[in-house]
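So the chains spell out like this:
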Amino acid sequence: MFRGKFDVVKVLDTLGSNMKKVDIPNTISILAFEVANTIVKGYNLMQSLSEENIQIFLKEILYSEGVQLLVSTDIKELLSIANADKREEFEVFLKEVVRFGNRSRDAQLHQLNRYFSRLRLEPIKTKHLQKEVEIAMQELTNLAQYTYELFHELHALERSENLYSCKIEEVESQNLPRKGKSLMVLQSELKNQRKLVSNLKKKSLWSKNLEEVMYKLVDVVTFIHCVIVDSFEENVERKKANKKTERLGIHGLALHYANLITQMDIIASRSICVLPNMRDKLYNDLPASVKAGLRYRLRDLDSKEVMTMTQIKAEMEKVLQWLIPIAIDTVKAHHCFGCVGEWTKTGNEFRKKTSTGNNIIRLQTLYHADKQKMDRTGFLGVIQLFSRHFVLYRRSPIPQYDKEVDPYEGLFVYEHTKILRIKEQPEDPHQIDAYLVMVSDI
């Protein structure tokens, strides 16, 4: 085993030779659910660092349209960002392993912080040891799967016990014998459920020795560290940005922007019949900079540049086809944030979450997107097209307003396929928004 149990013990013995090793068995018990969640994190991290996923990252993700347009075109900077992200994810996993080590009865496992701090000073080759670590991780994920099943069966057991207790109280309150058919059925179900829970406890992490699981996790941590070094850090130049870039994730805006993109996609797909509240919600949710840009785009719209609805939709789809996958991945990444509560809600998705191809990295989301680039390239690219048909629309014949009292003066009017410009555009964006409607019969 790679830096396995005996090697780790040897190193830890050196670090804490004055500590006494305790050989009392220490089953994981109720801690099993937290340990299972940590195992899932470790598995997903290992999968994201597989040779296949690394090649996809280097050849596809780095050069994808969304990353190039919204994050950076500098490959070295992108590699540096990816390395920092992977290190951050790894540190979360490492800290959880250290925490479980501190709860172990084996005093040597209380020295994991010191052991892991030495990893950077000791370069280790991993290729010939990869198979052994993968086998260990597979054993851990199998235990985690049984632990997941145990979690839900324990809830089912609690419900069965409550039903049985209520039925007993009902029978006793009526001074009836405990021999009713319904009571016997509940008693049988309760017995079967207890047996199922007992079997799952034996198969899952619940009954396993914490120290045995910990040594496997230490091997996994060591292996992942070495893979990160081999895949990223040796080829990455740490660069300091010359200017402070506003990243959506750092400012907590990534999910909000993803929801806006989803709204745009819904509106684009329903361009024939868009409800006013959908249109108003999209406009109200837009960033202030985009609203300002929209006002000027409407003002500068050329009346000679007439596009059919088919042309407009085709142009919108060109932008949305690379924006939508990023928005979807942003939402997925947000909802898959690794806490015990999220893990226990996954249901049949447990196996899917831990399968190759389901590892979303931050560069595939809006987390690192430059806010200015996003507002300019992402939103205004689509809004510019929306502005061709999200304008004041009046079915012919067009009313003839008195110029002196015309409240709509300065707005654009669609008359079937023609755009009529009426003098100057008003400065107040709310006046524009108040009369924006979707063209329905171009």
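Residues numbered from 1 in each chain as written. Predicted model: local features only at pLDDT ≥ 70, side-chain atom pairs only at ≥ 80, totals over all residues. Heavy atoms only, no water.

1. Concerning the overall build of the chain
The following threshold applies: The helix count covers DSSP runs of H or I at least four residues long, the strand count covers runs of E at least two residues long, and both are numbered beginning at the N terminus. A contact between two residues is defined here by any heavy atoms of the two lying within 4.5 Å. A 1.4 Å probe and the Shrake-Rupley method give the accessible areas. Residues count as covered only by the protein chains that appear here.
In terms of regular secondary structure, the chain is built from 17 helices and four strands. Contacts spanning at least 24 positions in sequence make up 81% of the contacts within the chain whose residues lie at least 6 apart. Carbon and sulfur atoms make up 52% of the accessible area of the chain, which totals about 24,200 Å².

2. Things to note about the environment of Ile61
Put simply, the rule reads: Here's how the labels work: a residue is buried when its accessible area is under 20% of the maximum for its type, exposed when over 50%, partly exposed in between, all with a 1.4 Å probe on protein chains only.
Relative to the helices and strands, Ile61 resides in helix H3 (residues 51-61). Judged by relative accessible area, Ile61 falls into the buried class, the value being 11%. Counting along the chain gives 300 residues from Ile61 to Ile361, while the straight-line C-alpha distance between them is 9.5 Å.

3. Quick word on helix H11 (residues 276-285)
This is how it is decided: Read the arc as the range of directions from the helix axis to the C-beta atoms.
Three or more residues of H11 are buried, namely Met278, Arg279, Leu282 and Tyr283. With its buried residues spanning 130° around the axis, H11 presents them on a single face.

4. Looking at the confidence of the model for the chain
Let me state the cut-off plainly: Here pLDDT means the predictor's own confidence in every residue, given as a number from 0 to 100.
The predicted model of the chain averages 75 in pLDDT, with 66% of residues at 70 or higher. When the elements of the chain are averaged for pLDDT, strand E4 (residues 437-438) gives the smallest value, 34, and helix H2 (residues 32-48) the largest, 94. The low-confidence segment residues 338-342 (pLDDT under 50) makes eight contacts with residues lying over four places distant or belonging to another chain. Scored below 50 in pLDDT, residues 391-442 shows 114 contacts in the model against residues more than four places distant or in partner chains.

5. What to know about the nonpolar core
Here is the rule: In this description, a nonpolar core means a group of buried Ala, Val, Leu, Ile, Met, Phe, Trp, Tyr and Cys residues linked to one another through side-chain atoms lying within 4.5 Å.
Phe57, Leu112, Phe116, Leu205, Ile224 and Leu363 are the most contacted members of the largest nonpolar core, which has 65 residues in total. It is helix H9 (residues 210-231) that provides the largest number of residues to this core, a total of twelve residues. Counting residues in hydrophobic clusters, the runner-up holds 28 residues, among them Tyr257, Ala258, Tyr283 and Ile326.

6. Observations regarding the pattern of salt bridges
Our working definition: By definition, a salt bridge exists where a carboxyl oxygen of Asp or Glu is found within 4 Å of a side-chain nitrogen of Lys or Arg.
For the structure on display, the rule yields eleven salt bridges. With a closest N to O distance of 3.1 Å, Glu34 and Arg99 form a salt bridge. Separated by 65 residues along the polypeptide, Glu34 in helix H2 and Arg99 in helix H5 (residues 75-102) bring together distant segments of the chain. Note on Glu34: relative accessible area 28%, which makes it partly exposed. Between Lys167 and Glu170 there is a salt bridge, and its shortest N-O distance comes to 3.9 Å. Here Lys167 and its partner Glu170 are both found in helix H7 (residues 130-173), three residues apart, which amounts to about one turn of the helix. Each of Asp85, Glu88 and Arg362 takes part in one network of salt bridges that share partners.

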